[in-house]
Amino acid sequence: MRYFLLIFVVGVLAVTGIAGRRGAHSRNTPLQIFADMKRQSKLRPQTPNAFFASGVSSQLPVPGTIAHLPGLQVGDQVIPPYQDAPVLTGLETGSTNYVQNNPLPVTAVLLKRGQERFNIYCAPCHGQTGEGNGITKKIGAMGVVANLHDKRIVELPDGEIYHTITYGKNLMGPYGPNVPVPDRWAIVAYLRTLQLSQLGLVQDVPQPLQGALKK
Amino acid sequence: MSAIFPKWTNRLPLMIICGLLLTGSAVIAGVWYYFTPEYTRAGYQPVQPVAFSHNIHAGQLGMDCRYCHTGVEKSWFSNIPASSTCMNCHNQVLKDDPKLALVRESAASGKPIPWVQIHRVPDFVYFNHSVHVNRGVSCVECHGRIDQMDEVYHAKSFSMSFCLECHRNPAAKLRPLEKITDLGWKQPSVEAQHAFGTQALEHWKVESLQNCSACHR
């Protein structure tokens, strides 16, 4: 019995010593005690895949093709994704001139969405107020960031700002792949609101409230 | 006449029973403790090809998760960002740093960075990020405090009981949609959580999904 107890204790210590405790950080790939059907040979996004020449499962669209998406609702029109429409290109139809005004109806919902998206995608560099003092600039990690209240940028047509978001400009990278079309217009609309907030005049405040303004 | 069996053998059956009981309970305890995703999966922290730190980017810089994981609200899958997303900043920040050599190379050649996947449910489980994220379930419930991790590790077990625990009573975990990616946020009190949870359940028509076909389909 003594020998048995000795072997038992040594055995338990050995197992707990080698296996460790739950939740301990480990570099080893997780054990699969029963394989079951946990890993099936189906295609998953963003995984290596030997079937394609590029070696990845998520393939890029063939150049020149357009994804088959449901059309975009603009007012009461539905714009299919292949049409040369201002809402998709930021250009006047059939020309290379930027559209002057946001093709989406500017509503409170759109502005709210724009605010949320601006704070996610633009604020790290341009700052929440758009003055070009985002966190990357503040800690001195980034040299050049545009101040979006510059007179030149305020005077840009909406279409050109849409174009900057979609394809980037000089040192700013493109956000087209990460931000869908309606969100880009929402950001443009919100950016206009931000700019307006810096350009407001006393006359813009309703007459009865003007007296309450602090100098 | 000498005994064939010495005296101590009288205790033998008792010893065998005790031994079996002891061994049996040790084996059961071992299986209970070790044969679960809480042991096999939680804590998994592989070495990544680039020393990317969520602590710096999401924590200190305060970037929103969706700046990089753009698919999380729109699809079942939460994508790992393309290296061009990193280059938005790193074309100016740490422009020549050797720690980012692989990122620059990948952005130039279009060959993806071989990140090691950490969280993955078995293929017979159907999971969907957008359903959770758009119903007020925060990343922190399933991934832990990512914004404080220098290297991501598997914080929760993702066992079936982990999923069901919340599905039985989602009201205790729901939060306002603006706070989904604010991992440190908490309701000020248990009562506030309860009040918000019950109201959100009704408002978003959240069901308590416990039928097998919700997750195994």
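Criteria and thresholds
- Numbering of residues starts from 1 in every chain and runs along the sequence as written.
- Here the convention is simple: chains get letters from A, ligands get numbers from 1, in the order in which they are written.
- The predicted nature of this model means local features are confined to residues of pLDDT at least 70 and side-chain atom pairs, given and counted, to a pLDDT of 80 or more, with totals for whole chains, interfaces and linings taken over all residues.
- Side-chain descriptors were evaluated using all non-hydrogen atoms of the structure, hydrogens and water having been removed beforehand.
- Strands here are runs of E lasting at least two residues and helices are runs of H or I lasting at least four, both read from the DSSP assignment and numbered beginning at the N terminus.
- Our radius of gyration is a C-alpha quantity, and the globule rule it is checked against amounts to 2.2 Å times the number of residues to the power 0.38.
- Whether a residue is buried, partly exposed or exposed follows from its accessible area with a 1.4 Å probe, protein chains only, as a fraction of its type maximum: under 20%, in between, or over 50%, in that order.
- Only heavy atoms matter for contacts: two residues are in contact if any of them lie within 4.5 Å across the pair.
- In short, Shrake-Rupley with a 1.4 Å probe defines the accessible areas, and a residue's cover is counted only from the protein chains shown.
- Charged-residue counts in this description rest on Lys and Arg as positive and Asp and Glu as negative, His and the chain ends being excluded.
- Charge positions come from single atoms, namely NZ of Lys, CZ of Arg, CG of Asp or CD of Glu.
- For salt bridges, the criterion is a side-chain nitrogen of Lys or Arg within 4 Å of an Asp or Glu carboxyl oxygen.
- Take the buried Ala, Val, Leu, Ile, Met, Phe, Trp, Tyr and Cys residues and link them wherever side-chain atoms come within 4.5 Å; each set so joined is a nonpolar core.
- To pair, rings of Phe, Tyr and Trp, with the six-membered ring standing in for Trp, must have centres within 6.5 Å; the planes then decide the type, stacked if under 30 degrees apart, edge-to-face if over 60, and tilted in the middle.
- Here the buried area means the combined drop in accessible surface, using a 1.4 Å probe, for two parts upon being joined, counting both sides.
- Here a polar contact is recorded for every N or O atom pair within 3.5 Å, except that within protein the pair must consist of a potential hydrogen donor and a potential acceptor, and residues adjacent in sequence are included only if both atoms are side-chain atoms.
- For every residue, the predictor assigns a confidence score, pLDDT, that lies between 0 and 100.

**A word on the overall build of chain B**
Looking only at helices and strands, one finds 11 helices and 0 strands in chain B. In chain B, the succession of helices and strands from N to C terminus is α-α-α-α-α-α-α-α-α-α-α. The C-alpha atoms of chain B give 25 Å as radius of gyration, which overshoots the globular expectation for 217 residues (17 Å, by more than 25%). Looking at chain B as a whole, 40% of its 217 residues qualify as buried. Taking contacts inside chain B between residues at least 6 apart in sequence as the whole, the part at least 24 apart equals 68%. When the accessible surface of chain B is summed, it comes to about 13000 Å², and 63% of that surface belongs to carbon and sulfur atoms. Positive and negative side-chain charges of chain B, numbering 20 and 17 respectively, have mean locations separated by a distance of 6 Å.

**As for unusual backbone geometry**
The backbone phi angle of Gln46 of chain A is positive, close to 55°, even though this residue is not glycine. For Gln46 of chain A, the position within the fold is in the loop between α1 (2-19) and β1 (72-74). With a relative accessible area of 40%, Gln46 of chain A lands in the partly exposed category. Its identity is not glycine, yet Lys205 of chain B carries a phi of approximately 50°, on the positive side. Position of Lys205 of chain B relative to the elements: it lies in the loop between α10 (190-203) and α11 (212-215). Classification of Lys205 of chain B as exposed rests on a relative accessible area of 68%.

**Considerations on the pattern of salt bridges**
Within the structure shown, the criterion is met by 16 salt bridges over all chains. Arg117 of chain A serves as the salt-bridge partner of Glu73 of chain B, at 3.1 Å between the closest nitrogen and oxygen. Within this pair, whereas Glu73 of chain B is found in the loop between α4 (65-68) and α5 (83-90), its partner Arg117 of chain A is found in helix α3 (residues 108-121), the two belonging to separate chains. Here the two residues Glu73 of chain B and Arg117 of chain A agree in accessibility, since each one is buried. Members of the salt-bridge network, linked through shared partners, are Arg113, Glu116, Arg117 and Asp183 of chain A together with Asp64, Arg66 and Glu73 of chain B.

**Topic: the nonpolar core**
If you look at the biggest cluster of nonpolar residues, it comprises 33 residues, and the most contacted ones within it are Val87, Phe118, Tyr121 and Trp185 of chain A together with Tyr67 of chain B. Elements that contribute at least two residues to this core include exactly β1, α3, α7 (158-167) and α8 (181-199) of chain A together with α4 of chain B. Among the elements that make up this core, the one with the highest residue count is α8 of chain A (9 residues). Beyond its immediate sequence surroundings of up to four residues, Tyr121 of chain A is in contact with Tyr175, Asn178 and Val179 of chain A together with Arg66, Tyr67 and Thr70 of chain B. Ile118, Cys139, Ile146 and Val152 of chain B belong to the second largest nonpolar core, which has 8 residues in total.

**Examining the side chain of Glu141 of chain B**
All names here are of chain B. Summarising the element assignment, Glu141 is placed in helix α8 (residues 139-143). Salt bridges are absent for the buried Glu141, whose nearest opposite-charge side chain, Lys173, sits at 4.3 Å. For Glu141, the contacting residues outside a window of four places in its chain are Lys156, Phe162, Lys173 and Arg175.

**Digging into the packing of aromatic side chains**
The full count for this structure, using the stated rule, is 13 aromatic pairs over all chains. Between the aromatic rings of Phe51 of chain A and Phe52 of chain A, the centroid separation amounts to 5.2 Å while the plane-to-plane angle is 85°, which identifies the pairing as edge-to-face. Given the relative accessible area of 25%, Phe52 of chain A is considered partly exposed. Considering the side-chain rings of Phe52 of chain B and Trp115 of chain B, the 6.5 Å spacing of their centres and the 70° angle between planes classify their relative orientation as edge-to-face. Note that Phe52 of chain B is positioned in the loop between α2 (37-40) and α3 (54-60) and Trp115 of chain B in the loop between α6 (101-109) and α7 (129-133), a separation of 63 residues in sequence. Its relative accessible area of 31% is what places Phe52 of chain B among the partly exposed residues. An aromatic cluster of three or more residues is present, and its members are Trp32, Tyr33, Tyr34 and Tyr39 of chain B.

**Considering the interface of chain A and chain B**
Residue-level contacts link 49 residues of chain A with 48 residues of chain B. Counting the surface lost from both chain A and chain B, the interface buries some 4500 Å², and carbon and sulfur atoms represent 58% of this. Interface area lost by chain A to chain B is led by Arg22, Arg27 and Arg44 of chain A, which between them contribute 18%. Counting across the chain A and chain B interface gives 5 salt bridges. As a salt-bridge pair, Arg39 of chain A and Asp123 of chain B come within 3.9 Å of each other at their nearest N and O atoms. The tally of links between chain A and chain B comes to 24 residue pairs in polar contact (both at pLDDT 80 or more).

**Here we look at the confidence of the model for chain A**
Within chain A, residue pLDDT values average 88, and 99% of them lie at 70 or more. In the model of chain A, helix α5 (residues 135-138) of chain A stands out as the element of lowest mean pLDDT, 83, in contrast to α3 of chain A, which has the highest, 95.

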